[in-house]
Amino acid sequence: LLGRSQGRAHRPLAAMVAAAWPPDDGDVEAGIAVPRRCPEITNVKSFVDPTFEFPAPAAPVLRTWIPQEGWGKLSAWTFPDPVDNYLVRATSGIVFVLSLILVILKMSFESDVGYNWVPVILFDFLVRTCIGFRLSPFAWIGNTALKIARVDIFLVPSKAKRFSFFLGCVLNTVIIVLHFGLDSHIKRGPSIALVVFSGLESIGGFCVGCWLFQSFFAFRDMWYTRQDYLSMGQDMRARYMHDVEPALPSGVSIAFGFRDHGEPEVHSFDYELLVIGGGSGGLAAAKEAARLGKRVALLDFVKPSPSGSVWGIGGTCVNVGCIPKKLCHQAAIVGKIVRSHAQAYGWGEGGGAQPDVNFSWGRLRANILEHIHSLNDGYVKGLRSEKVLYINAMGKLLDKHTVECTNAAGEASRITARRILIAVGGRPSIPKIPGAALGITSDDIFFLEKHPGDTLLVGASYIALELASFLQGLGCATTVFVRSKPLRGFDEDMAKRVVENVALAGTTFVQGAEPRAMERQADGRIAVTYNAGGAERTAVFDTVVFAMGRQVQTASLGLEAVGVKTDKAGRIYHRHERTTVENIYAVGDVLVNGLELTPVAIQAGVLLMQRLFDGRKEHMSYALVPTVVFTTPEYGACGMSEELAKEVFGERQIEVFHAEFTPLEWTVPHCKFQCYVKVIANYLDKGRVVGVHYLGPNAGEVLQGFAAAMRCGITKAELDAVTGIHPVCAEELVTLRRTKRSGAVFRKTGC
């Protein structure tokens, strides 16, 4: 038996005591029990070898008291356990009520003798309660409850607790004597009843303190689940292993086992954590767990897209998402500045004619891929430096602790892990229509060797609009098929304005259009047959990109076989990233009602690891998460849409402040885009800002700070009190005065 009790660590007993017992298959050479200050047991015997005597020098490093009888069958229990806890709280609660009755009686008694000592009595009782809270012998009450529950592990007060109890008794005795003396002096004679009441109040104060102390930890421990108990026990084992091992004689092995309510953990695992998926969330979680001292392995395998595109470790964001998209977006912005803004600011020659600037898709593609490859290499080196084993293989769950790993050659191996994290993300959906193989997705657009040319974007999600925006800026003629609403899930007013700006740049939007078939023509172009407005039509494009949403990649993981519940789309049900199987977790796009955003997966993964391995309690908050759609101009949002705010709070309880504006840097070149900003305030909550929406340049840079302010609960009045920076676009958010309800002109003119 190995364990340690330190100070106020009367949390789950699994965190204090690691119990070793002889398993049925006899695969443990020796199980050692070491007591401290245990005169009844001079030499602790091995479970296997009764003649083995543990050397004395090791005893001081362990602090577990072991009862003399039956110690060979110990198992680890949790304290406060629900059964034990209710016994303690029920007993102490009854005494608490009785002590309050005694206080009331004492007040009544002293009022009868003509003295108003109510403030003194309350202060006296408060002092004794505080003494009881900090110094009460709660371990003794815990022992009694454990004995009642027939648990064979005892909590013994340390010297500090015994001294604290002794000090508390002395202080309470002094208070009783003072009561006696004051009472005798004032009334010219002792009052036995008052002394008795004071003594009973003293006991009551102790019990109240004990009850408060136990209840504090009881309510706190209700937040821990069984897996948290086991995690804390494992962490305790790892923390003290280096103290125990030096004291062990050579040839003696120690087995650590943990039981929760009698159910043993019999596995010896290869890793403490196995991460399936090498995207942003999986990488962040793996490195955080390794930083906390855990043995971690990470599986990552990229299946080629239907068009054959493959990439390295890092997931969607790094390889085919945020990073290449933002770089292409910037390329489009640079092109616009060079072609249409430069001469307005005095650069170039010719009476207003656009300068002759050639764009090279191949050079842009090569430079972006070079940067992405450097990021891939950085991730591999980072895992190596953190001592995380990176395995380029596809994982499949065989049971809740075992994963089958299959590499590119089809060779399979198995890995076991105490905990498993699923972070496989998603891939773009492809419609089931004839000729769909002729199209590509966002997984392929950045790998095209030739300029995309005339491009069709099927879908009106934020991915589709971002692609349409930067492709149009890079010289492509873009068309967007909108089946229903653009930017579904975003603020409808803002979505309409985004579409208007993208269309203003030259993109064609076809409402209600759905592709029916695709066919390759003799010249290599793609003929798309589609239905729009009840009529069937055909259009020809150089490139067709499907941007109709994403599908999570959980179908091949074997989740159903091990009990992980998913919805029809394969997304995983969870509570604080824990699945329906206690040791299997998930982060990122695979979660039901999750947010498909890279920073969300990263933060959720890091916080999860800190809860599991570092004892922290912070959970990922999926509210007030800012996001940006990288069109031209950009659209950033944080908090509620206008429609959602009206639905939740009522239309009459919210106020929408808004304004249209033109950035100063766009005035000289007479840029035709319109920018817009609005703030939604909830007057039911002192005007708290519940939504911020910004359409303009550098939306991400502008919105990040306002998202932090919203997290702190900023109100519209506090926003108005901020002095703006002039002349910048972010200034518009702190100078909003016109409301939608007023109907006033909201187009800003002048400086």
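Structure first, text after, so check above.
Parameters at a glance
- Residues numbered from 1 in each chain as written.
- Predicted model: local features only at pLDDT ≥ 70, side-chain atom pairs only at ≥ 80, totals over all residues.
- Heavy atoms only, no water.
- Helix = DSSP H or I, 4+ residues; strand = E, 2+ residues; numbered from the N terminus.
- Buried < 20%, exposed > 50% of the residue type's maximum accessible area, 1.4 Å probe, protein only.
- Contact = heavy atoms within 4.5 Å.
- Areas by Shrake-Rupley, 256 points an atom, 1.4 Å probe, with all protein chains shown as cover.
- Phe/Tyr/Trp six-rings, centres within 6.5 Å; stacked < 30°, edge-to-face > 60°.
- Pairing = 2+ DSSP bridges.
- Axes fitted to C-alpha atoms, helices over the stretch in contact; angles between N-to-C directions.
- Core = buried A, V, L, I, M, F, W, Y, C linked by side-chain atoms within 4.5 Å.
- Salt bridge = Lys/Arg side-chain N within 4 Å of Asp/Glu carboxyl O.
- Parallel < 35°, antiparallel > 145°, perpendicular 65-115°, else oblique.
- Left-handed = near helix turned anticlockwise from the far one by under 90°.
- Nonpolar A, V, L, I, M, F, W, Y, C, P; charged D, E, K, R; others polar.
- Patch = residues over 30% accessible without salt bridge, like charges linked within 9 Å, V, L, I, M, F, W, Y side chains within 5 Å.
- Expected span 1.5 Å × (residues − 1).

Colleague: Describe the overall build of the protein chain, listing the residues and the values that go with them.
Modeller: When you go through the protein chain residue by residue, the secondary structure sums to 18 helices and 26 strands. Sorting the 751 residues of the protein chain into buried and exposed places 49% on the buried side. Within the protein chain, residue pairs in contact and separated by at least 24 positions form 67% of the contacts whose partners lie at least 6 positions apart. Accessible surface for the protein chain amounts to roughly 36,100 Å². Of this, 58% is attributable to carbon and sulfur atoms.

Colleague: Just give me the short version of the packing of aromatic side chains, but keep the residues and values in it.
Modeller: Evaluation of the coordinates by the stated rule reveals seven aromatic pairs. Measuring from ring centre to ring centre gives 6.1 Å for Tyr-676 and Phe-746, while their planes differ by 80°; the resulting arrangement is edge-to-face. Of this pair, Tyr-676 sits in strand S25 (residues 675-682) while Phe-746 sits in the segment after helix H18 (716-720), placing them 70 residues apart in sequence. A residue is classified by how much of its surface remains accessible, and Phe-746, at 24% relative accessible area, is partly exposed.

Colleague: Could you give an account of the sheet that holds strand S18 (residues 535-541), with specific residues and numbers?
Modeller: Pairing between sheet strands relies on hydrogen bonds along the backbone, with the strands arranged either parallel or antiparallel. Sheet architecture is open: three strands sit in the order S16-S17-S18, paired in antiparallel fashion. Each having just a single partner strand, strand S16 (514-520) and S18 make up the two edges of the open sheet. Across this sheet, the average inter-strand angle for adjacent strands is 25°, counted without regard to direction. Summarising the sheet, strand S17 (residues 526-532) and S18 pair through seven bridges and their orientation is antiparallel. In the strand pairing of S18, Ala-527 is matched with Val-540.

Colleague: Got a sec to walk through the sheet that holds strand S24 (residues 654-661)? Specific residues and values, please.
Modeller: The strand order across the open sheet built from five strands is S22-S23-S26-S25-S24, with neighbouring strands paired in antiparallel fashion. Of all the strands in the sheet, the pair left with one neighbour each is strand S22 (627-629) and S24. Across the sheet, the mean angle from the axis of one strand to that of its neighbour is 15°, orientation sign disregarded. Sheet topology places strand S23 (residues 634-639) next to strand S26 (residues 688-696); six bridges connect them, and they run antiparallel. Each bridged residue has a counterpart across the sheet, and for Glu-634 the counterpart in S26 is Gly-696.

Colleague: Could you give me a rundown of the side chain of Glu-655, with the residues and numbers involved?
Modeller: For Glu-655, the location among the structural elements is in strand S24. Ignoring sequence-local partners within four residues, the contact set of Glu-655 consists of Val-679, Ile-680, Ala-681, Tyr-683, Thr-739 and Arg-741.

Colleague: Any chance you could break down the nonpolar core for me, citing the residues and the numbers?
Modeller: If you look at the biggest cluster of nonpolar residues, it comprises 44 residues, and the most contacted ones within it are Leu-467, Phe-470, Leu-487 and Tyr-635. Listing elements by their share of this core, those giving two or more residues are helix H8 (315-320), helix H9 (322-341), helix H10 (361-385), helix H11 (462-473), strand S14 (478-482), helix H12 (492-504) and S23. If we skip the residues at most four places from it in the chain, Leu-467 touches Ser-442, Ile-445, Phe-446, Leu-457 and Val-545. Of all hydrophobic cores here, the second largest spans 28 residues; its members include Cys-638, Phe-657, Tyr-694 and Val-734.

Colleague: Give a detailed account of the environment of Leu-298, specifying residues and quantitative values.
Modeller: Its place among the elements puts Leu-298 in strand S6 (residues 296-299). For the pair Leu-298 and Gly-282, spaced 16 residues apart in sequence, the C-alpha to C-alpha distance is 7.8 Å.

Colleague: Explain the pairing of S24 to me, using residue names and the numbers behind them.
Modeller: Counting buried positions over the eight residues of S24 gives eight, a clear majority of the element. Here S24 shows a buried face lined by Ile-654, Val-656, His-658 and Glu-660 and a second buried face lined by Glu-655, Phe-657, Ala-659 and Phe-661. When S24 meets S25, the two strands line up antiparallel, connected through eight bridges. Following the sheet pairing, Ile-654 is matched in S25 by Asn-682.

Colleague: An account of the pattern of salt bridges is requested, with residue identities and associated values reported.
Modeller: The tally for this structure, following the rule as stated, stands at 24 salt bridges. The partner of Asp-542 in a salt bridge is Arg-525, and the shortest N-O contact between them spans 2.9 Å. Pair noted here: Asp-542 is in the loop between S18 and strand S19 (543-546) and Arg-525 is in the loop between S16 and S17, with a separation of 17 residues, a long-range link. Taking relative accessible area as the criterion, Asp-542 reaches 32% and is therefore assigned partly exposed. Judged by relative accessible area, which is 23%, Arg-525 ranks as partly exposed. For Lys-646, the salt bridge is made with Glu-642, and the minimal N-O distance between the two is 3.3 Å. Taken together, the residues Lys-646 and Glu-642, both in helix H15 (residues 642-649) and four residues apart, mark about one turn of the helix. Its relative accessible area of 30% is what places Lys-646 among the partly exposed residues. What makes Glu-642 buried here is its relative accessible area of 6%. Ionic contacts of the salt-bridge type, sharing partners, join the residues Asp-491, Asp-493, Arg-497, Glu-642, Lys-646, Glu-660, Lys-678 and Lys-740 into one network.

Colleague: Give a description of the packing of H9 against H11 that names residues and reports values.
Modeller: The interhelical angle for the contact between H9 and H11, taken along N-to-C directions, is 40°, at an axis separation of 8 Å. Here H9 lies oblique to H11, going by the angle between them. As H9 runs across H11, the sense of the crossing is left-handed. Of the residues in H11, those in contact with Lys-325, Cys-328, His-329, Ala-332 and Arg-339 of H9 are Glu-466, Phe-470 and Gly-473. The residue makeup of the contact of H9 with H11, split by class, is three nonpolar, two polar and three charged.

Colleague: Can you explain unusual backbone geometry? Please cite residues and give values.
Modeller: Looking along the chain, the bond that leaves Thr-632 and enters Pro-633 is cis, with omega of -5°. Phi is positive for Glu-577, close to 70°, though the residue is something other than glycine. On the secondary structure map, Glu-577 appears in the loop between helix H13 (559-562) and strand S21 (584-586).

Colleague: With reference to specific residues and values, describe a nonpolar patch on the surface.
Modeller: Taken together, the side chains of Tyr-345, Trp-347 and Val-668 make up a nonpolar region of the molecular surface, amounting to roughly 360 Å² of accessible area. Here Tyr-345 lies in the loop between H9 and H10.

Colleague: Describe in detail the pairing of S16, supporting the description with residues and values.
Modeller: Relative to S17, S16 is paired through six bridges, and the arrangement is antiparallel. Note that in S17 the partner of Pro-515 across the bridge is Tyr-530. The loop that links S16 with its antiparallel partner S17 comprises five residues; one of these, Gly-524, has a positive phi angle of about 90°.

Colleague: Hey, could you go over the packing of H9 against H10 for me, with residue numbers and the actual values?
Modeller: Where H9 contacts H10, the two axes come as close as 10 Å, and the packing angle between them is 145°. Relative to H10, the crossing made by H9 is right-handed. Taken together, the residues of H10 that come into contact with H9 (itself represented by Ile-323, Pro-324, Leu-327, Cys-328 and Ala-331) are Leu-364, Ile-368, His-371, Ile-372 and Leu-375.

Colleague: Can you lay out the environment of Leu-733 for me, pointing to particular residues and giving the numbers?
Modeller: By the element assignment, Leu-733 lies in the segment after H18. Sequence-distant contacts of Leu-733, that is, excluding residues within four places in its chain, are made with Val-677, Val-679, Val-692, Val-702, Phe-706 and Leu-719.

Colleague: Outline the environment of Glu-449, listing residues and values.
Modeller: By secondary structure assignment, the location of Glu-449 is in the loop between strand S12 (440-441) and strand S13 (455-458). In this structure the C-alpha to C-alpha distance between Glu-449 and Arg-365, which are 84 residues apart in sequence, comes to 7.7 Å.

Colleague: Please give an account of helix H17 (residues 699-711) that cites residues and values.
Modeller: Taking 1.5 Å per residue, 13 residues should reach 18 Å; H17 reaches 18 Å between its end C-alpha atoms and fits that length. Buried residues of H17: Ala-699, Val-702, Leu-703, Phe-706, Ala-707 and Met-710, and no others. Looking at the buried residues of H17, the elements they touch are S22, S23, S26 and H18. The positive-phi residue at the C-terminal boundary of H17 is Gly-713, with phi of around 85°.

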